[in-house]
Amino acid sequence: MKTLTVSVVTPDGPVLEDSFDMVSCKAENGELGILPGHIPMVAPLTISGVRLKRENDTERLAVNGGFLEVRPDKVTILAQSAEKPSEINVDRAQEAKTRAEKRLQSKQDDIDFQRAELALKRATNRLEISR
């Protein structure tokens, strides 16, 4: 069976390079499923999880935005950050989620609500992937 070479790269360096049967991720326009032979494309990614399937095994990554580049035999994810479940500090993510929720609930004028919403999405994504 044909596979895709998948590379996940962040500004800090490579996070993953391996072969998989399928890649599922969430772009700004919706969910994408990529199989070998997919048409070339580039898509912006949202803060979400990436599922990498190989036979009966699925790996997951928490990705915080970036871009997906697809070629027929290779998928490259250029992400602002990407973490494997084993690398996620669950306590830290829970604290970040709690802080962001408190900021969003406060009615203070000096709160940057867009920044707090993004922090909440990142923390929630990390917690979901770590489970």
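- The protein chain is annotated in an unreviewed UniProt entry as ATP synthase epsilon chain of Virgibacillus litoralis.
- In its Subunit (unreviewed entry) section, the UniProt record describing the protein chain reads: "F-type ATPases have 2 components, CF(1) - the catalytic core - and CF(0) - the membrane proton channel. CF(1) has five subunits: alpha(3), beta(3), gamma(1), delta(1), epsilon(1). CF(0) has three main subunits: a, b and c."
- Comment text from UniProt for the protein chain, heading Sequence similarities (unreviewed entry), reads "Belongs to the ATPase epsilon chain family."

### A short note on the overall build of the protein chain
- The helix and strand inventory of the protein chain stands at two helices and eight strands.
- The secondary structure elements of the protein chain, listed N-terminal to C-terminal, are β-β-β-β-β-β-β-β-α-α.
- Oriented by its inertia axes, the alpha-carbon framework of the protein chain measures out at about 55 × 25 × 25 Å.
- In the protein chain, which comprises 131 residues, the proportion classed as buried is 37%.
- A sequence separation of at least 24 residues applies to 50% of the contacts in the protein chain between residues at least 6 apart.
- With an accessible surface of roughly 8100 Å², the protein chain has 47% of that area assigned to carbon and sulfur atoms.

### Overview of the environment of leucine 118
- Checked against the element boundaries, leucine 118 lands in helix α2 (residues 113–130).
- Along the sequence, leucine 118 and asparagine 64 sit 54 residues apart, while their C-alpha atoms lie 9.5 Å from each other.

### Brief notes about the environment of glutamine 105
- Position of glutamine 105 among the secondary structure elements: in helix α1 (residues 90–105).
- For the pair glutamine 105 and lysine 26, spaced 79 residues apart in sequence, the C-alpha to C-alpha distance is 27 Å.

### Here's the deal with unusual backbone geometry
- For glutamate 55, which is not a glycine, the phi torsion comes out positive at approximately 50°.
- Position of glutamate 55 among the secondary structure elements: in the loop between β5 (41–54) and β6 (57–71).

### Considerations on the pattern of salt bridges
- For the structure shown, the criterion picks out six salt bridges.
- Salt-bridge contacts for glutamate 69 lead to arginine 71; the nearest nitrogen and oxygen are separated by 3.7 Å.
- The exposure class of arginine 71 is partly exposed, given its relative accessible area of 37%.
- Counted as one network, the salt bridges with shared partners bring together Asp18, Arg54 and Glu59.

### A look at the packing of α1 against α2
- The geometry of α1 relative to α2 is characterised by a closest axis approach of 8 Å and an angle of 150° between their N-to-C directions. Comparing their axes, α2 and α1 come out roughly antiparallel. Crossing of α1 over α2 shows left-handed handedness. Contacts between α1 and α2 involve Val90, Arg92, Ala93, Gln94, Ala96, Lys97, Ala100, Glu101, Arg103 and Leu104 from the former and Phe113, Ala116, Glu117, Ala119, Leu120, Ala123, Thr124, Arg126, Leu127 and Ser130 from the latter.
- Along the lines of polarity and charge, the residues of the contact of α1 with α2 split into 11 nonpolar, three polar and six charged.

### Quick look at the pairing of strand β1 (residues 4–10)
- Burial runs high along β1: five of the seven residues are buried.
- Two elements, β1 and strand β2 (residues 13–20), share seven bridges in a ladder whose sense is antiparallel. Each bridged residue has a counterpart across the sheet, and for leucine 4 the counterpart in β2 is phenylalanine 20.
- Here β1 pairs with strand β7 (residues 74–79) via five bridges, running parallel.

The rules behind the values
Going along each chain's sequence as written, the residues are numbered from 1 onward. In keeping with the predicted nature of the model, local features appear solely for residues at pLDDT of at least 70, side-chain atom pairs appear and are counted solely at 80 or more, and the whole-chain, interface and lining totals rest on all residues. The side-chain values count all of the structure's non-hydrogen atoms but skip hydrogen atoms and water molecules. UniProt positions are given in the numbering used here, feature names are shortened, and annotations may be inferred rather than shown by experiment. Secondary structure follows DSSP: runs of H or I at least 4 residues long count as helices, runs of E at least 2 residues long count as strands, and numbering of each begins at the N terminus. Relative accessibility under 20% of the residue-type maximum defines a buried residue, over 50% an exposed one, and the middle range a partly exposed one, all with a 1.4 Å probe and only protein chains included. Any two residues whose heavy atoms approach within 4.5 Å at even a single point are treated as in contact. Accessible areas in this description were obtained via Shrake-Rupley with a 1.4 Å probe; residue shielding takes into account the shown protein chains only. In what follows, salt bridge is the name for a side-chain nitrogen of Lys or Arg lying within 4 Å of a carboxyl oxygen of Asp or Glu. Inter-axis angles, ranging from 0 to 180 degrees, are taken between N-to-C directions of lines fitted to C-alpha atoms, where helices are fitted over the stretch in contact. The cut-offs work like this: below 35 degrees is roughly parallel, past 145 is roughly antiparallel, 65 to 115 is roughly perpendicular, and the gaps in between are oblique. Each crossing gets its handedness from the near helix: less than a right angle anticlockwise from the far helix is left-handed, clockwise is right-handed. Basically, the charged four are Asp, Glu, Lys and Arg, the nonpolar ten are Ala, Val, Leu, Ile, Met, Phe, Trp, Tyr, Cys and Pro, and anything else, Gly included, counts as polar. What makes two strands pair is DSSP finding at least two bridges between them.

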